[in-house]
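# Reading the structure
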Amino acid sequence: MTAAFATNPSTINLPTLPEGWPIGSYDTYQQAQRAVDHLADNDFPVQDVTIVGIEPMVVERVAARLTWGRVLGTGAASGAWLGLFVGLLLSLFTSGAGLFPILIGLVSGVLFGVAAAAVRYGATRGQRDFVSHSQLVARRYDVLSKPRNAERGRDMLATLAMR
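Keep in mind it's a predicted model, so treat the numbers as computed, not measured. (Residues numbered from 1 in each chain as written. Predicted model: local features only at pLDDT ≥ 70, side-chain atom pairs only at ≥ 80, totals over all residues. Heavy atoms only, no water.)

Moving on: the nonpolar core. One finds Ile23, Tyr26, Leu39, Val49, Val143 and Leu157 to be the most contacted residues of the largest nonpolar core, which totals 15 residues. The set of elements that each furnish at least two residues to this core consists of strand 1 (21-26), helix 2 (29-41), strand 3 (130-145) and helix 5 (147-162). Ignoring any residue separated from it by four or fewer positions in sequence, one finds Leu39 in contact with Ile23, Phe44, Val46, Val49, Gly153, Met156 and Leu157. (Core = buried A, V, L, I, M, F, W, Y, C linked by side-chain atoms within 4.5 Å. Buried < 20%, exposed > 50% of the residue type's maximum accessible area, 1.4 Å probe, protein only. Helix = DSSP H or I, 4+ residues; strand = E, 2+ residues; numbered from the N terminus. Contact = heavy atoms within 4.5 Å.)

With that settled, the discussion passes to the packing of aromatic side chains. On inspection of all chains with the given rule, the structure shows two aromatic pairs. Centroid distance Trp68 to Tyr121: 4.7 Å. Interplanar angle 85°. Geometry classified as edge-to-face. Of the two residues, Trp68 sits in helix 3 (residues 68-93) while Tyr121 sits in helix 4 (residues 100-124), which places them 53 residues apart along the sequence. (Phe/Tyr/Trp six-rings, centres within 6.5 Å; stacked < 30°, edge-to-face > 60°.)

This part covers unusual backbone geometry. Even without being glycine, Asp43 reaches a positive phi, approximately 60°. Mapped onto the fold, Asp43 is located in the loop between helix 2 and strand 2 (49-65). The backbone of Glu55 sits at a positive phi, close to 55°, despite the residue not being glycine. The residue Glu55 is located in strand 2 in this model.

On to a nonpolar patch on the surface. Among the surface-exposed residues, Leu82, Phe85, Val86, Leu89, Leu90, Leu92, Phe93 and Phe112 lie close enough to one another that they form a single nonpolar patch of about 880 Å² accessible area. For the nonpolar patch, the element with the highest residue contribution is helix 3, accounting for seven residues. Look at Leu92 and you get exposed, because its relative accessible area is 66%. (Patch = residues over 30% accessible without salt bridge, like charges linked within 9 Å, V, L, I, M, F, W, Y side chains within 5 Å. Areas by Shrake-Rupley, 256 points an atom, 1.4 Å probe, with all protein chains shown as cover. Salt bridge = Lys/Arg side-chain N within 4 Å of Asp/Glu carboxyl O.)

In this section: the packing of helix 3 against helix 4. Taken N-terminus to C-terminus, the directions of helix 3 and helix 4 make an angle of 145°; their axes are 6 Å apart at the nearest point. As for the relative orientation of helix 3 and helix 4, their crossing is right-handed in sense. Its residues placed into classes, the contact of helix 3 with helix 4 shows 16 nonpolar, nine polar and no charged. (Axes fitted to C-alpha atoms, helices over the stretch in contact; angles between N-to-C directions. Left-handed = near helix turned anticlockwise from the far one by under 90°. Nonpolar A, V, L, I, M, F, W, Y, C, P; charged D, E, K, R; others polar.)

The strand order across the open sheet formed by three strands is 1-3-2, and the pairing between neighbours is antiparallel. This sheet does not close on itself; its edge strands, each paired only once, are strand 1 and strand 2. Strand-to-strand twist of the sheet, defined as the mean angle between neighbouring strand axes without regard to direction, takes the value 30°. Two strands pair when backbone bridges link them, and strand 2 and strand 3 are joined in this way by 15 bridges, in the antiparallel orientation. Bridge assignment links Glu60 to a residue of strand 3, and that residue is Ser134. The sheet strands contacting helix 2 are strand 1, strand 2 and strand 3, and the helix crosses strand 2 at an angle near 145°. (Pairing = 2+ DSSP bridges.)

Structure (structure tokens):
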């Protein structure tokens, strides 16, 4: 490690707190994005703007119940795609074999996919019998601007809110 690297913080990309003054606060990210888009459309220097999610939380939305049938079906389908791909590659390098390498790859892929899915699902022992999707959201989204343009940005977003 060189001395220049150790003493120059600009060479390390560490997380930093956002800087700026609040010029707008919104309930959804889409509203904050619309506000910044409005600023950009009106020649505001958006490189001085930051959208900050306040009070972040992870939201897990349950999509479906997980059953052995669903697990094995999904495993078979994903294994079939992988097996088909391997079978096609084998058929390219095996002259005169016909469809045999593709068929062998497809069957092997299905068997491997079903076995792998069964092992993964069986290992959970019923602790997680559902499929879900997680996302990071915030309770509100603040739009910040560097102080040199904050008052102008606040005025522009106030006119947007009056529409």
